[in-house]
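# Structural features, examined
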Amino acid sequence: METSPLLKVENLSISFLSNKVEKEIIKGISYQLNRNEILGIVGESGSGKSVSSLAILGLLPKNISRITQGKIIFNETDLTKLSSKVFQKIRGKDIAMIFQEPMSSLNPSMTCGMQVQEILLQHTNLSKKDAKEETLLLFEKVKLPDVKRAYKAYPHEISGGQKQRVMIAMAIACKPKILIADEPTTALDVTVQKEIILLLKQLQKEEEMSIIFISHDLALVSEISD
């Protein structure tokens, strides 16, 4: 028996407002993501890859953009019809995202450990003590070299590759069904890129989650995607 796709994007169009003129920048895109699959989305910079993935998370900038047509179906629910409040329960728990630039995505005034712990306390019933233990386990899972040091460190105190690992730990903390990785290795050097790709593949197998991997790099996408 065929199972239905985990996520279906159907004929999605998105417009942005610039100088009071509305311009359609995503024109009728459709794709589907199956369970336990890595889907690659490739396109040059500025082609709308990130914008279409922000739409899945309900994170399009409120006053200057809108979905003009189409559906985003996740678990039989059309995400384009949800209120912000309902979206908050899905975002981070069922669908999570790793952003392109970890330095601007992490909070500079909070330790790395507290940032991951906060997500666990928000979306699970763990106590503070258990959330801390789970955070340290997640840091081990994403292969941070010294988990106790990383837990206490502020983002500026660790390397770019380590910051990206903290971001991945945050994204997988609640065992999401879908992980959107938006150019997650662009800011990293080639050897660290390789490590992050291998890590994502390994985590995908272990957690049986589905990944949308977004990049402008065809070779990278062919290395990771199904």
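All residue numbers refer to positions counted from 1 along the written sequence of the respective chain. Given that the model is predicted, a residue must reach a pLDDT of at least 70 before its local features are reported, and side-chain atom pairs must reach 80 or more before they are shown or counted; all residues, however, enter totals for whole chains, interfaces and linings. Side-chain measures were taken over the full set of non-hydrogen atoms in the model, leaving aside hydrogen atoms and water.

Below, the discussion takes up helix H1 (residues 49-56). Think of it in three bands: residues with accessible area under 20% of the maximum for their type are buried, residues over 50% are exposed, and the middle band is partly exposed, with areas taken using a 1.4 Å probe on protein chains only. Think of it this way: any DSSP run of H or I at least four residues long counts as a helix, any run of E at least two long counts as a strand, and we number them from the N terminus. Most of H1 sits inside the fold, with 6 of its 8 residues counted as buried. Just downstream of H1, Gly 58 is the residue with a positive phi angle, here 65 degrees.

Moving on: the sheet that holds strand S5 (residues 77-78). A pair of strands is labelled paired if DSSP reports no fewer than 2 bridges between them. Taken in spatial order, the 4 strands line up as S2-S1-S4-S5 in an open sheet, and their pairing is antiparallel. On the outer flanks of this sheet lie strand S2 (21-33) and S5, each paired with one strand and no other. Where strand S1 (residues 7-18) and strand S4 (residues 65-74) come together, 8 bridges link them in antiparallel fashion. The partner of Ser 15 across the bridge, within S4, is Arg 66. Residue contacts are counted whenever heavy atoms from the two residues lie within 4.5 Å of one another. Interaxial angles span 0 to 180 degrees and are taken between N-to-C directions of axes, which are lines fitted to C-alpha atoms, for helices over the stretch in contact. Each of S1, S2 and S4 is contacted by H1, which is oriented at about 115 degrees to S1, the strand it contacts most.

A few words now on the pairing of strand S6 (residues 95-98). Here S6 shows two buried faces, one formed by Ile 95 and Met 97 and the other by Ala 96 and Ile 98. Of the strand pairs in this sheet, S6 and strand S7 (residues 178-182) are connected by 4 bridges, and their pairing is parallel. Looking at the pairing, Ala 96 lines up with Leu 179 of S7.

Looking now at helix H8 (residues 190-207). The span one expects for a helix is its residue count, reduced by one, times 1.5 Å. For H8, which comprises 18 residues, the first-to-last C-alpha distance of 26 Å matches the rise-based estimate of 26 Å (1.5 Å per residue) to within 8%. Among the residues of H8, Val 192, Gln 193, Ile 196, Ile 197, Leu 199, Leu 200, Leu 203 and Gln 204 are the ones counted as buried. With its buried residues spanning 165 degrees around the axis, H8 presents them on a single face. Facing away from the buried side of H8 by over 90 degrees, the exposed positions are Val 190, Thr 191, Leu 198 and Lys 205. Within two residues after H8, Glu 208 carries a phi angle of roughly 55 degrees, on the positive side. Starting at the helix axis, one direction is taken to each C-beta atom, and the arc is that of these directions.

The next subject is the confidence of the model for the protein. Taken as a whole, the protein shows an average pLDDT of 89; of its residues, 98% reach a score of 70 or greater. Of all secondary-structure elements in the protein, the lowest mean pLDDT belongs to helix H3 (residues 102-105), at 70, while helix H6 (residues 147-152) reaches the highest, 95. For every residue, the predictor states its confidence as a pLDDT score lying anywhere from 0 to 100.

Further remarks concern the nonpolar core. One finds Phe 139, Ile 168, Leu 179 and Phe 213 to be the most contacted residues of the largest nonpolar core, which totals 43 residues. Those residues in contact with Leu 179, other than ones at most four positions away along the chain, are Ala 96, Met 97, Ile 98, Ala 171, Ile 172, Leu 200, Met 209, Ser 210, Ile 211 and Ile 212. As used in this record, nonpolar core signifies buried Ala, Val, Leu, Ile, Met, Phe, Trp, Tyr and Cys residues forming a set joined through side-chain atoms within 4.5 Å. With 27 residues, the next largest nonpolar core counts Leu 6, Val 9, Ala 55 and Leu 57 among its residues.

Looking at the secondary structure, you find Asp 94 in the loop between helix H2 (84-90) and S6. Not counting the four nearest positions on each side in its chain, Asp 94 is found in contact with Phe 74, Pro 176, Lys 177 and Ile 178.

Attention now moves to the environment of Lys 152. Structurally, Lys 152 is set in helix H6. On the basis of relative accessible area, Lys 152 is assigned to the exposed category, the value being 63%. Linking Lys 152 and Cys 112, residues 40 residues apart in sequence, is a C-alpha distance of 6.6 Å. With near-sequence residues (within four places) excluded, Lys 152 lies in contact with Thr 111 and Glu 157.

Read across the sheet, 4 strands follow the order S3-S8-S7-S6 without closing on themselves; strand pairing throughout is parallel. A single partner strand is all that each edge strand has here, and the edge strands are strand S3 (38-42) and S6. Across this sheet, the average inter-strand angle for adjacent strands is 15 degrees, counted without regard to direction. Strands in contact with helix H7 (residues 160-172) are S6 and S7; relative to S6, the strand with the most contacts, it is inclined by about 175 degrees. The strands that H8 touches are S3, S6, S7 and strand S8 (210-215); relative to S8, the one it contacts most, it runs at about 160 degrees.

Further remarks concern the packing of H7 against H8. Where H7 meets H8, the axes come as close as 11 Å, and the angle between the chain directions of the two elements is 15 degrees. By the angle between their axes, H7 is roughly parallel relative to H8. The chirality of how H7 crosses H8 is right-handed. For the pair H7 and H8, contact is made by Gly 161, Gln 164, Arg 165, Ile 168 and Ile 172 and by Val 192, Glu 195, Ile 196, Leu 199, Leu 200 and Leu 203, respectively. The residue classification treats Ala, Val, Leu, Ile, Met, Phe, Trp, Tyr, Cys and Pro as nonpolar and Asp, Glu, Lys and Arg as charged. All others, Gly included, are polar. When its residues are assigned to classes, the contact of H7 with H8 shows 7 nonpolar, 2 polar and 2 charged. Here the angle decides the label: under 35 degrees means roughly parallel, over 145 means roughly antiparallel, 65 to 115 means roughly perpendicular, and every other value means oblique. What makes a crossing left-handed is the near helix being turned counterclockwise from the far one by less than a right angle; a clockwise turn instead makes it right-handed.

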